Amino acid sequence: MRADPMMRSYFRGVRAGVPIGLGYLSVSFGLGILAVSMGLSVWQAVLISMVTLTSAGQLSGIHTMCVPGQYMEMLVSQLTINVRYSFMSICLSQKTDPAFKGIYRLLLGFFMTDEIFAVASTEKSVSRSYFLGLAAAPYIGWAGGTLLGALLGDVLPERVMGALCLAIYAMFVAIIVPQIRAEKTLGLIVGVSVLLSALFYYLPALNGISSGLSVTVCAIVAAVLGAWFFPKKDEEEEADE
Amino acid sequence: MNNREFFIYLLIMAGSTYLIRAIPFALIRKKIKNPFIKSFLYYIPYTVLAAMTFPSALYATGGSVTAAAIGLAAAILVSLKTKNLTVVAVTGCVAVFLAESLMAL
């Protein structure tokens with residue numbers, strides 16, 4: 001069988017996206033349950049997942065929707081929570097291959113989630129077909145999980161549901177930890193981010209701040225300190241492996 | 001909430017989320033040379049994921065914080081051995097489930 005290079009990189013992307021899709025399935029399952037419990041219909045819950053594709057943003061958005069007429073609040077909170085995607089888009093714009101431009105970026109930019117970005121950024125050069133393939137399983141997992149959660153919310157025992165909620169965080173760990181092993185200074189920078197995040201969570205003066213905003217602040221401060229004290233010199237270091 | 005209101009909310013949510021992703025992606029075409037900005041962009045995904053994970057993960061399961069911490073620790077240990085996201089995610093979930101079950105005895 002002759003393999004077209006574009007199809008090959010598409011399917012390589014699909015394979016890389018499967019674990020993300022599985023992680024999303026469990027996370028959006030919880031989101032589906034939540035949305036219906038807050039008074040949204042099944043089709044509304046699924047439609048929100050299909051057009052936004054964002055965990056923290058949706059969580060906050062669903063809460064805002066429960067009170068009528070808070071349009072400005074919706075806009076401001078969505079922008080704050082999701083501003084990190086801009087940084088990811090800028091970052092990935094540096095790694096795309098020459099054909100991945102213009103309309104393709106405008107269309108495929110929709111799929112820029114934390115995890116899709118994190119996996120794509122381990123590529124030396126990101127092609128359109130790879131990125132589209134990478135987004136396939138997560139998109140299906142996200143929309144499908146929301147549908148399943150909205151439909152059969154309390155079929156699973158509570159303990160199983162709770163355990164599934166850790167999946168997404170374990171996935172984050174799997175992205176961060178191997179890179180720290182390869183690069184010790186990254187551990188220090190990540191440590192700063194974690195420390196700040198804990199301060200935001202536990203200090204009474206700071207814990208009124210929304211989680212989306214606190215993540216943004218912690219991540220930017222830690223990355224600025226990292227860039228200041230440990231600037232990356234060697235282009236090769238950015239490559240995975 | 002009526003349908004009209006739902007769709008206005010949906011439009012604000014989806015529109016702002018889409019534009020904040022796609023506009024920077026489509027507009028920035030040149031390679032960034034500045035080492036500070038390059039380093040910043042290199043570090044940002046890791047600092048974002050780290051801040052999202054801790055301490056939120058400890059409270060995400062809705063059960064025991066200790067069990068969640070055990071799950072997180074299991075995920076960290078396994079990710080020292082493998083980069084496979086699914087293996088790490090499943091290990092974390094199983095560890096939480098086992099820890100919760102043991103504590104319930």
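This one's a predicted model, so the numbers in the text were calculated from it and none came from an experiment. (Residues numbered from 1 in each chain as written. Chains lettered and ligands numbered in written order. Predicted model: local features only at pLDDT ≥ 70, side-chain atom pairs only at ≥ 80, totals over all residues.)

Another aspect to go through is the overall build of chain B. Of the regular secondary structure elements, chain B holds five helices and zero strands. When the helices and strands of chain B are listed from N to C terminus, the series reads α-α-α-α-α. Here the C-alpha radius of gyration of chain B, 20 Å, is well above what a compact globule of 105 residues would show, namely 13 Å. Based on the C-alpha atoms only, the size of chain B along its principal axes is roughly 55 × 50 × 20 Å. Going through the 105 residues of chain B one by one, you find that 50% of them count as buried. Relative to all contacts within chain B whose residues are 6 or more apart in sequence, the contacts with residues 24 or more apart total 38%. (Helix = DSSP H or I, 4+ residues; strand = E, 2+ residues; numbered from the N terminus. Rg over C-alpha atoms; globule rule 2.2 N^0.38 Å. Buried ≥ 20, exposed ≤ 12 C-beta atoms within 10 Å, placed from the backbone. Contact = placed C-beta atoms within 7 Å.)

Attention shifts here to helix α5 (residues 85–104) of chain B. For α5(B), which comprises 20 residues, the first-to-last C-alpha distance of 29 Å matches the rise-based estimate of 28 Å (1.5 Å per residue) to within 8%. Restricting attention to buried positions, one finds in α5(B) the residues B:L85, B:V88, B:A89, B:T91, B:G92, B:C93, B:A95, B:V96, B:F97, B:A99 and B:E100. Of the surrounding elements, those touching the buried residues of α5(B) are α1 (5–37), α8 (158–164) and α9 (167–182) of chain A together with α4 (65–79) of chain B. (Expected span 1.5 Å × (residues − 1).)

Here helix α1 (residues 3–27) of chain B contains 25 residues, and its C-alpha end-to-end distance of 35 Å stays within 8% of the 36 Å for a straight helix at 1.5 Å per residue. Along α1(B), the sharpest change in direction is near 25 degrees and occurs at B:L19. Of the residues making up α1(B), those classed as buried are B:Y9, B:I12, B:M13, B:A14, B:S16, B:T17, B:Y18, B:I20, B:R21, B:A22, B:P24 and B:F25. Those residues of α1(B) hidden inside the fold are in contact with α2 (42–52), α3 (55–65), α4 (71–93) and α5 (102–108) of chain A. (Bend = angle between axes of the 7 residues up to and from the residue.)

All names here are of chain A. On average, residues of chain A score 86 in pLDDT, and 94% of them reach the 70 mark or higher. Between the elements of chain A, mean pLDDT differs from a low of 80, seen in α8, to a high of 96, seen in α2. Here residues 236–241 scores under 50 on pLDDT; set against residues more than four positions off or in separate chains, the count is five contacts. (pLDDT = per-residue confidence, 0-100.)

Let us now look at the interface of chain B and chain A. Each side of the interface is counted separately: chain B has 67 residues, and chain A has 83 residues. Only α1, α2 (35–53), α3 (56–60), α4 and α5 of chain B provide two or more residues apiece to the side of chain B that touches chain A. A breakdown of the residues in the side of chain B that touches chain A according to their chemical character gives 45 nonpolar, 15 polar and seven charged. (Nonpolar A, V, L, I, M, F, W, Y, C, P; charged D, E, K, R; others polar.)

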